[in-house]
Amino acid sequence: MENSLPLNDWHVRKTHLVINRLHAFLHGIALLALFYYRLTSLTQIIKNKDTSLLLPHVLIFISELILSFIWLLSQPSKWKPIVRTVYPERLPGDEKLPSIDVFVCTADPSKEPCLEVMNTVISALALDYPPDKLHVYLSDDGGSLVTFQAIKQAWKFSKFWVPFCRKYKVKTGCPEAFFSTDESGPDGKFSSSQFLIEKKAIQKNYEEFKDSLEEIVAKTSTAVSRDHPPAIEMISHANGDGTDTDNEEHMPLLVYVAREKRPSQPHHFKAGALNVLLRVSAMISNSPYVLVLDCDMYCNDPSSAAKQCVYISTLNYPRSWGLFSFHRNFTTSVGFRYFAVVEDYFTGFNLHCEGWNSVYLQPSRSAFLGASPISLNEVLVQNTRWYVGLNQVAMSRFSPLVYGLMRMPISQSMCYAEFAYSAHYFLALYVLAIIPQLFLVRGISLYPEVSSPFFVVFSFVFLSSQLKHVQEIFSTGHSMRTWSNEQRIWMMKSLTSYLYATLEAVMEKIGLMKASFLPTNKVVDDEQAKRYQMGIYDFQAPALFLVPLCSLYILNVASLIIGFGRIMQTQKWGENAYTSFIPLSRRFCISLYLKE
């Protein structure tokens, strides 16, 4: 770019750097002391030939090794925390900006409501970018007539919405989000009364748009097809609808794509849909930059497209890409990779292995906002799908600690490995949620007594891990309630999603089942949404998820009561206090986190 001023800069968060490195050093030393205790305890057990204690000590030691291994993998991402700032206002004039293709993917209107999908499409059309250099493509992987008709209605509404957003420099380009908040009028030449008048008119148009979508859904089947020919239509050029076309020359291009699907041919899930969009867009617009959005992830900042260009253009061009976006030249290293159902993770991993650079942008105003499941069942189903894909990579020749170590820096390989192996938490948690509790009931200690110097070591490891999490929560502007919720959800996922994802990946590996991809159900009934807004979470879930959670809850509560009862009866506080307090305060998190 010709401008002499930098388009972006970054600086190290020195306070966070010191905290992270000091914690890593102290926590690492404590873990080494913990391992020493376990090894000496095992040596003593073997010497005394106490076979009844050998297996539980071995299982707990293995569990602590697993937790420590995953902790170690997480350290490179915290070693040098930085903050990036972009200056899109320093970009050259519109005539010199590169063009951008925006991809939006949807698969099933029965699980991904049309209104939500169309809001994402409309927010992409409303990006603050030259309209002749902005092209939006919607992939309808289900070939649904509902989605096809809905996008035509979205185009009609966008011809009112996009000019309104540009005229008043509206920051929230998603109409549903805009009308749900109280975004005031712009400062400058437009009076607030003029803004409110036009806003009211646009809101009326939006209500009519929503009514039209409801009518489409009511009259048309939402069934998706897995056997249909390809369909491509340039919606912005289909003007036979009788609407005003004066604004269309100032509107971005909108294209509907439904790729061909046949039952006998593999379609490779979302990665396959994205690769079709790459080929179609190459024939129509062939923009050098591509921005990929989920159907429920709307553009929250109109300058987000320009910000993505800033970063990609200032990296090692052209072998570079940013969060959600990339330079089209990468699609020449096969496009999106098909090996795992987590196509974003696996594609990014391969690009890094091939020498590409990337950058993560986290502006003060979120560039994109999306929906997330608001019920326990959907959260666990979604996470199970994600970790099936991550396990597919971890259990293959593409394991980051094998394939990655030979092709990228060890720190980068460890970052990818943290995601790939995090599902293995469940192995450690099941042991630590069962073995100590059962032996506590029998009055047998598997941990050092209060009088032992290693009591301090175990206490420090527990407190260090928890306080570090609290520090990270506070540094991002959240409260202790967020810490509590994250701990609870992590425990629930570890004991259910991680378990079933690993089992499914193993069965696929040995040929007992095939990988599947079910879109997350984004349909939320009014009562469920109302309860969620009131802070009441929906914990309803199938027995497959609830049985292990409730069983461990009961076991932990029972062992706590029996353990304390035995201590009260024998009055042997110095001998058993650690058995009942520290391990159970750590293990009893299971029951604490599951309490609602």
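What you see is a predicted model, and the numbers here were worked out from it, not measured in a lab.

Cut-offs applied
- Residues numbered from 1 in each chain as written.
- Predicted model: local features only at pLDDT ≥ 70, side-chain atom pairs only at ≥ 80, totals over all residues.
- Heavy atoms only, no water.
- Patch = residues over 30% accessible without salt bridge, like charges linked within 9 Å, V, L, I, M, F, W, Y side chains within 5 Å.
- Areas by Shrake-Rupley, 256 points an atom, 1.4 Å probe, with all protein chains shown as cover.
- Salt bridge = Lys/Arg side-chain N within 4 Å of Asp/Glu carboxyl O.
- Lys, Arg positive; Asp, Glu negative; His and termini not counted.
- Charge placed at Lys NZ, Arg CZ, Asp CG, Glu CD.
- Helix = DSSP H or I, 4+ residues; strand = E, 2+ residues; numbered from the N terminus.
- Buried < 20%, exposed > 50% of the residue type's maximum accessible area, 1.4 Å probe, protein only.
- UniProt positions renumbered as here; feature names shortened; annotations may be inferred.
- Contact = heavy atoms within 4.5 Å.
- Polar contact = N/O pair within 3.5 Å; in protein donor to acceptor, adjacent residues only side chain to side chain.
- Axes fitted to C-alpha atoms, helices over the stretch in contact; angles between N-to-C directions.
- Parallel < 35°, antiparallel > 145°, perpendicular 65-115°, else oblique.
- Left-handed = near helix turned anticlockwise from the far one by under 90°.
- Nonpolar A, V, L, I, M, F, W, Y, C, P; charged D, E, K, R; others polar.
- Pairing = 2+ DSSP bridges.
- Right-handed = clockwise from strand over helix to strand, strands pointing away.

*Asks:* What should I look at first to understand a negative patch on the surface in this one?
*Replies:* Taken together, the side chains of Asp94, Glu95, Asp128 and Asp132 present a region of like negative charge at the surface. When you line up the elements, aspartate 94 lands in the loop between β2 (82–86) and β3 (100–106). Classification of aspartate 94 by relative accessible area gives partly exposed; the value is 48%.

*Asks:* Can you help me understand the UniProt feature "binding site: UDP-alpha-D-glucose" (unreviewed entry) in the chain in this one?
*Replies:* The UniProt record annotates "binding site: UDP-alpha-D-glucose" (unreviewed entry) at Lys111, Glu112 and Asp141. The named residues occupy 31 residues along the chain; their greatest pairwise C-alpha distance, 12.8 Å, places them in one compact cluster. Inspection of the secondary structure assignment puts lysine 111 in the loop between β3 and α4 (114–125). Position of aspartate 141 among the secondary structure elements: in the loop between β4 (134–140) and α5 (145–168). Sequence-distant contacts of aspartate 141, that is, excluding residues within four places in its chain, are made with Thr106, Ala107, Ser225, His228, Arg259, Lys261, Phe269 and Ala273. Separated by 2.5 Å, the side chains of aspartate 141 and arginine 259 make a polar contact.

*Asks:* Would you mind showing me how to read the environment of cysteine 105 here?
*Replies:* Along the chain, cysteine 105 turns up in strand β3. Residues cysteine 105 and leucine 277, 172 residues apart in the sequence, show an inter-C-alpha distance of 9.4 Å.

*Asks:* What am I meant to see in the pattern of salt bridges here?
*Replies:* If charged atoms from side chains of opposite charge come close, those side chains can pair. If you walk through the whole model with that rule in mind, you get 12 salt bridges. A salt bridge links glutamate 215 to lysine 219; its shortest N-O distance comes to 2.9 Å. Placement of both glutamate 215 and lysine 219 in helix α7 (residues 192–219) is noted, with a separation of four residues, approximately one turn of the helix. Residue glutamate 215 is classed as partly exposed on the basis of its relative accessible area, which comes to 43%. What makes lysine 219 exposed here is its relative accessible area of 65%. Linked through salt bridges whose partners overlap, the residues forming this network are Lys78, Lys468 and Glu472.

*Asks:* How should the packing of α4 against α5 be read in this particular structure?
*Replies:* For any two helices packed against each other, one specifies the crossing angle of their axes together with the interaxial distance. Here α4 crosses α5 at 40°, and the two axes come no closer than 9 Å. Regarding the angle of α4 to α5, the classification is oblique. Here α4 and α5 pass one another in a crossing that is right-handed. Residue-level inspection shows Cys114, Met118, Ile122 and Leu125 of α4 in contact with α5, the latter providing Val146, Thr147, Ala150, Ile151, Ala154, Trp155, Phe157, Ser158, Trp161, Val162 and Arg166. Grouping the amino acids of the contact of α4 with α5 by side-chain chemistry returns 12 nonpolar, two polar and one charged.

*Asks:* What is the right way to read the pairing of β4 from this model?
*Replies:* Consecutive side chains of a regular strand alternate in pointing toward one face of the sheet and then the other. Most of β4 sits out of view: seven of its seven residues are buried. Side-chain alternation along β4 places Leu134, Val136, Leu138 and Asp140 on one buried face and His135, Tyr137 and Ser139 on a second face that is also buried. In this structure, β3 lies alongside β4, joined through seven bridges in parallel fashion. Note on β4: the bridge partner recorded for threonine 106 is aspartate 140. Following the chain from β3 across α4 to the adjacent parallel β4, one finds a crossover that is right-handed.

*Asks:* Help me understand the UniProt feature "binding site: Mn(2+)" (unreviewed entry) in the chain in this model?
*Replies:* Taking the numbering used here, the UniProt-annotated feature "binding site: Mn(2+)" (unreviewed entry) corresponds to Lys270 and Asp294. Spanning 25 residues, the annotated positions come together in the fold, the maximum distance between their C-alpha atoms being 10.2 Å. As for its placement among the helices and strands, lysine 270 is situated in helix α8 (residues 269–284). Of the residues examined, aspartate 294 reaches a relative accessible area of 31% and is grouped as partly exposed. The residues contacting aspartate 294, other than those within four sequence positions of it, are Val104, Cys105, Thr120 and Lys270.

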